[in-house]
There are 2 protein chains.
Amino acid sequence: MKKATIKDIAKAAGVSIATVSYILNDVKTQSISDETRVKVLKIAQQLHYVTNRSARSLKLQKTGLIGILLFKDLEPKPWSDLNYVKTLYRIEQLCGERGYHVIFMQIDGEAPSYDMIRERNLDGVFLINVDQERFATISRYFGFGIPVFAVDSHIEDTLFHKIIPDFENGFRSANARLGETPEFLVMDAYNDAELVGIVKRRSGLDEARIHVYESKEGLNAFLSKIPAGSPGIVVNEFLANEVLRTHEHIAVLCTSHYPDIVPAKVAKITYELNEYKQVVDMMDRNIHDADYSNPDKFIYLSVSS
Amino acid sequence: MKKATIKDIAKAAGVSIATVSYILNDVKTQSISDETRVKVLKIAQQLHYVTNRSARSLKLQKTGLIGILLFKDLEPKPWSDLNYVKTLYRIEQLCGERGYHVIFMQIDGEAPSYDMIRERNLDGVFLINVDQERFATISRYFGFGIPVFAVDSHIEDTLFHKIIPDFENGFRSANARLGETPEFLVMDAYNDAELVGIVKRRSGLDEARIHVYESKEGLNAFLSKIPAGSPGIVVNEFLANEVLRTHEHIAVLCTSHYPDIVPAKVAKITYELNEYKQVVDMMDRNIHDADYSNPDKFIYLSVSS
DNA sequence: TTGTATGCGTTATCAA
DNA sequence: TTGATAACGCATACAA
């Protein structure tokens, strides 16, 4: 049993292909008699018609496809997957609500091929965890006006949009929750040196008081030099439990969106995933109006209240 | 700057469209002079030509698209995401190596729309965590000969392939590692009642000695009735740490592929993700030879040695 | 209010 | 060894 096409519907209804297309797409500039409209719609349903996206894409030069490219960590941390998957879920859901379908692809190894992006004619792209170097390579593959968003990455580039947690307000809230000025900061290494620098600067703490996580041993060595009871801040909830063994007076910035793993009594700053709604809307507009350009190149995930 | 097409190459090279297509696709039945071949290939590269998959799909009636549909849990557990994402990564990678692209979609809510499957003409589909009921609905959407694989689900259906951990050998290894007969079993509730039943039966333990996890409180109530020191088995590494507080003599079946979260001293049974290679190969063959049919409807992830 | 005809970029059949 | 050309299924400008 082959799939029904517009032609099949037209034949069954005794009308032309064009008429069927008008009705199915609800084209406003055409006026169709109610009689033929209901007839065609009914037959379409009977034949289980669905539109063939390959054909439609070819015709419209729009595929309705969004790429989510995940750049794998060089040395993966157990928790990074959780962060990424949460982002993936959120974006997929929002794209789905707007009628887009999502192509998911991991970027791995030294010389990955980005052909997919051009072969599939993606309407928009999200890059998760991209670092500066690979970004330079990949950015040559589009820039033909398709909207690109970098998530959890900091890119020195004025052309593309970036989405990162609002560290500035995050630290402000953390300080407020601590009640006193923090004396140390423990943070994740991320994938990208730029992003680490940003977090460091936003924290307002001296370099000497900041520890970038590499290993449990390194972290413990750092903590052993901090007097017990000193107030501190931890960026990334997955590092919090380790710190809590020795230092209880901390506030945690839950940048991985899994606050539940931190004990309830600890001060937690969580982030909204709601900003992605704006982001996907922005992308949507960008796709429809080729000349739409938005000056907000930075989108910050806001601190939950 | 518009994207170059075969036509552009043909014009630039002074040959016909057909010739270019033959060369690019390396069609064996055609013989092409070396001269034109290198000329065309060179121009194609200069123009940064990539094939337009919409057009190719339309013509070939094959899209090179594999769907991975993730059925969200009704009450999600924090660890289930980790399991799913691991599977997603693995399948995407294997599909990518074989030239397929992956469409990822979450299935959620009461009345999800499965139109994507038919609109995009997927070449193959993986269902993750599907339950019996939704499977019945979705199975009507294909069955037009496209290969379907159910992962981490147990479906009463002889038409489709299922992939689940090899519980039988898992329990056998666990028993061996314990050194004595286990006296209790703690396991995850999964999404699907069928799968729970399977695990229970394979364990060989009485119903009264089996606890299906619902909440921490329930688990602790169950454990409080088990004498300390009794040997037991835990299915799913994410439950292990909770059990370990009171019962140390356990063996853990790491069905979520994150064995690292369990302390090193504990007996762990891990599963291979290698079987997915066979699975994707099977799918690949299925796609190319429409009449290929494989009798092995069950694929078990094997226990690591 | 409806129909005809063209083209989107490919692949593949047949002819040259 | 190459080239015209007909589909694939759809959307739409233009005719009727």
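All figures in this text were calculated on a predicted structure; none of them were measured in a lab.

Rules used in this analysis
- Residues numbered from 1 in each chain as written.
- Chains lettered and ligands numbered in written order.
- Predicted model: local features only at pLDDT ≥ 70, side-chain atom pairs only at ≥ 80, totals over all residues.
- Heavy atoms only, no water.
- Axes fitted to C-alpha atoms, helices over the stretch in contact; angles between N-to-C directions.
- Helix = DSSP H or I, 4+ residues; strand = E, 2+ residues; numbered from the N terminus.
- Parallel < 35°, antiparallel > 145°, perpendicular 65-115°, else oblique.
- Left-handed = near helix turned anticlockwise from the far one by under 90°.
- Contact = heavy atoms within 4.5 Å.
- Nonpolar A, V, L, I, M, F, W, Y, C, P; charged D, E, K, R; others polar.
- Buried < 20%, exposed > 50% of the residue type's maximum accessible area, 1.4 Å probe, protein only.
- Pairing = 2+ DSSP bridges.
- Right-handed = clockwise from strand over helix to strand, strands pointing away.
- Least-squares fit on C-alpha atoms with pLDDT ≥ 70 in both.
- Near = heavy atom within 4 Å.
- Polar contact = N/O pair within 3.5 Å; in protein donor to acceptor, adjacent residues only side chain to side chain.
- Salt bridge = Lys/Arg side-chain N within 4 Å of Asp/Glu carboxyl O.

> Residue-level account of the packing of helix H4 (residues 53-60) of chain A against helix H4 (residues 53-60) of chain B, with values.
Where H4 of chain A contacts H4 of chain B, the axes come no closer than 8 Å and their chain directions differ by 140°. One way to sum up the angle between H4 of chain A and H4 of chain B is to call them oblique. Considering how the two elements wind past one another, H4 of chain A and H4 of chain B form a crossing that is left-handed. Packed against H4 of chain A, whose contacting residues are Ser54, Ala55, Ser57 and Leu58 of chain A, the element H4 of chain B presents Ser54, Ala55, Ser57 and Leu58 of chain B at the interface. Residue composition of the contact of H4 of chain A with H4 of chain B, grouped by class: four nonpolar, four polar and no charged.

> Would you mind going over the pairing of strand E6 (residues 184-187) of chain B in detail, with residue names and values included?
All names here are of chain B. Side chains Phe184 and Val186 project from E6 onto one buried face, and the interleaved Leu185 and Met187 project onto a second face that is buried too. Alignment of E6 against strand E8 (residues 232-235), held across four bridges, turns out to be parallel. Across the sheet, Val186 pairs through a bridge with Val234, a residue of E8. Alignment of E6 against strand E7 (residues 210-212), held across three bridges, turns out to be parallel. By the bridge assignment, Met187 is partnered in E7 with Val212. Regarding the hand of the β-α-β motif, the stretch spanning E6, helix H9 (residues 193-203) and E7 is right-handed.

> An account of the relation of the copies chain B and chain A is requested, with residue identities and associated values reported.
With an RMSD of 0.1 Å, the fit of chain B onto chain A corresponds to turning through 180° and sliding 0.1 Å along the axis. Taken together, the rotation and translation describe the operation of a two-fold axis. Here 100% of the contact residues of chain B are again contact residues in chain A; the copies associate through an equivalent surface.

> Break down the protein's contact with DNA strand D for me, citing the residues and quoting the values.
In the vicinity of DNA strand D lie 27 residues, with Ile6, Tyr22 and Tyr49 of chain A together with Ser16 and Thr19 of chain B positioned nearest. Counting only the atoms of DNA strand D that lie within 4 Å of the protein, the sugar and phosphate share comes to 60%. In this structure, Tyr22 of chain A approaches DNA strand D through a side-chain N or O atom, which is 2.7 Å from a base nitrogen. Between DNA strand D and the protein, one listed contact pairs a phosphate oxygen with a side-chain N or O atom of Thr36 of chain B at 3.2 Å. Elements supplying a minimum of two residues to the surface near DNA strand D: helix H2 (17-25) and H4 of chain A together with helix H2 (17-25) and H4 of chain B.

> Could you give an account of the sheet that holds E6 of chain B, naming the residues involved and the relevant values?
All names here are of chain B. If you walk across this open sheet you meet the five strands as E7-E6-E8-E9-E10, and the pairing is parallel. For this open sheet the edge positions go to E7 and strand E10 (267-270), each flanked by a neighbour on one side alone. Averaged over all pairs of adjacent strands, the angle between their axes in this sheet comes to 15°, without regard to strand direction.

> Can you break down the pattern of salt bridges residue by residue, with the values?
Oppositely charged side chains can pair when the atoms bearing their charge come close. For the coordinates displayed, the defined rule picks out 20 salt bridges over all chains. In this structure, the salt-bridge partner of Arg202 of chain A is Glu168 of chain A, at a minimum N-O distance of 3.9 Å. Highlighted residues: Arg202 of chain A in helix H9 (residues 193-203) and Glu168 of chain A in helix H8 (residues 167-178), separated in sequence by 34 residues. Classification of Arg202 of chain A as partly exposed rests on a relative accessible area of 33%. For Glu168 of chain A, a relative accessible area of 42% gives the class partly exposed. Of the charged contacts, one joins Arg134 of chain B and Asp131 of chain B as a salt bridge, the two residues approaching to 2.8 Å between their closest N and O atoms. Linked through salt bridges whose partners overlap, the residues forming this network are Asp26, Lys28 and Arg37 of chain A.

Everything listed is a geometric property; what it means functionally is a separate question.
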